[in-house]
Amino acid sequence: MYAASALLTILLLVSAAGGMSIVWLRHQITETAHENRRLQNEATQIERRVRYLDTKIAEVNSPAYLRARVTALGLQLERPSSRQIVRLAPVDSRPGIPGEEETLLFSDRAPFVQSFDLAITESLRRTN
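Residues numbered from 1 in each chain as written. Predicted model: local features only at pLDDT ≥ 70, side-chain atom pairs only at ≥ 80, totals over all residues. Heavy atoms only, no water.

Enquirer: How would you summarise the overall build of the protein if you had to cite specific residues and measurements?
Expert: A count of helical and extended segments in the protein gives three helices and zero strands. Ordering the α and β elements of the protein from the N terminus gives α-α-α. Burial status across the protein gives 3% buried among its 128 residues. When the accessible area of the protein is evaluated, it comes to approximately 12,200 Å², of which 63% is carbon and sulfur surface. (Helix = DSSP H or I, 4+ residues; strand = E, 2+ residues; numbered from the N terminus. Buried < 20%, exposed > 50% of the residue type's maximum accessible area, 1.4 Å probe, protein only. Areas by Shrake-Rupley, 256 points an atom, 1.4 Å probe, with all protein chains shown as cover.)

Written out as structure tokens, the structure is:
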């Protein structure tokens, strides 16, 4: 008799604990769904704000807007004279090709030669 009542009590406790854990899990699922929905709404708001800012940036950088601002501010803009323009030679900070004239830039070489040279220098770097 005591064994049956103890077994019944344990069965009841296990069932109650299982039921409470199911309720707790459903509550956690609901909270996670609400948090997920909130984050999705926030992401949507951020995307809208980015699109709005992109259109404003495009608007401000448009030639028509800039022309209107120049007129509104009363600026006198004109093309620069030839003595105001300074032309610079292209700068290539990459190393030149040994044994060839210095005017040939590294970027002017064929892609196959570049990749082959890179493969050789990479293998030399690993051995040292």
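Enquirer: Got a sec to walk through the pattern of salt bridges? Specific residues and values, please.
Expert: Opposite charge on two side chains lets them pair, provided their charged atoms get close. Using the criterion set out here, one finds three salt bridges in the structure. The residue glutamate 35 makes a salt bridge to arginine 38 at a minimum N-O spacing of 2.6 Å. With glutamate 35 and arginine 38 both in helix H1 (residues 2–60), this residue pair falls three residues apart, about one helical turn. Owing to a relative accessible area of 37%, glutamate 35 belongs among the partly exposed residues under this scheme. Among the salt bridges present, the one from lysine 56 reaches glutamate 59, with a minimum N-O distance of 3.5 Å. (Salt bridge = Lys/Arg side-chain N within 4 Å of Asp/Glu carboxyl O.)

Enquirer: I'd love a proper account of a nonpolar patch on the surface, names of residues and values included.
Expert: Where nonpolar side chains cluster on the molecular surface, the patch consists of Leu8, Leu11 and Leu12 and spans about 320 Å² of accessible area. Position of leucine 12 among the secondary structure elements: in helix H1. (Patch = residues over 30% accessible without salt bridge, like charges linked within 9 Å, V, L, I, M, F, W, Y side chains within 5 Å.)

Enquirer: Summarise helix H2 (residues 63–73); cite the residues concerned and give the values.
Expert: With zero of eleven residues buried, H2 is to be regarded as a mostly surface element. Following H2 by one or two positions, glycine 74 adopts a phi angle in the positive range, close to 70°.

Enquirer: Mind laying out the environment of threonine 71, listing which residues take part and the relevant values?
Expert: Here threonine 71 is to be found in helix H2. Residue threonine 71 is classed as exposed on the basis of its relative accessible area of 62%. Only 2.6 Å separates the side chain of threonine 71 from the backbone oxygen of arginine 67, close enough to count as a polar contact. (Polar contact = N/O pair within 3.5 Å; in protein donor to acceptor, adjacent residues only side chain to side chain.)

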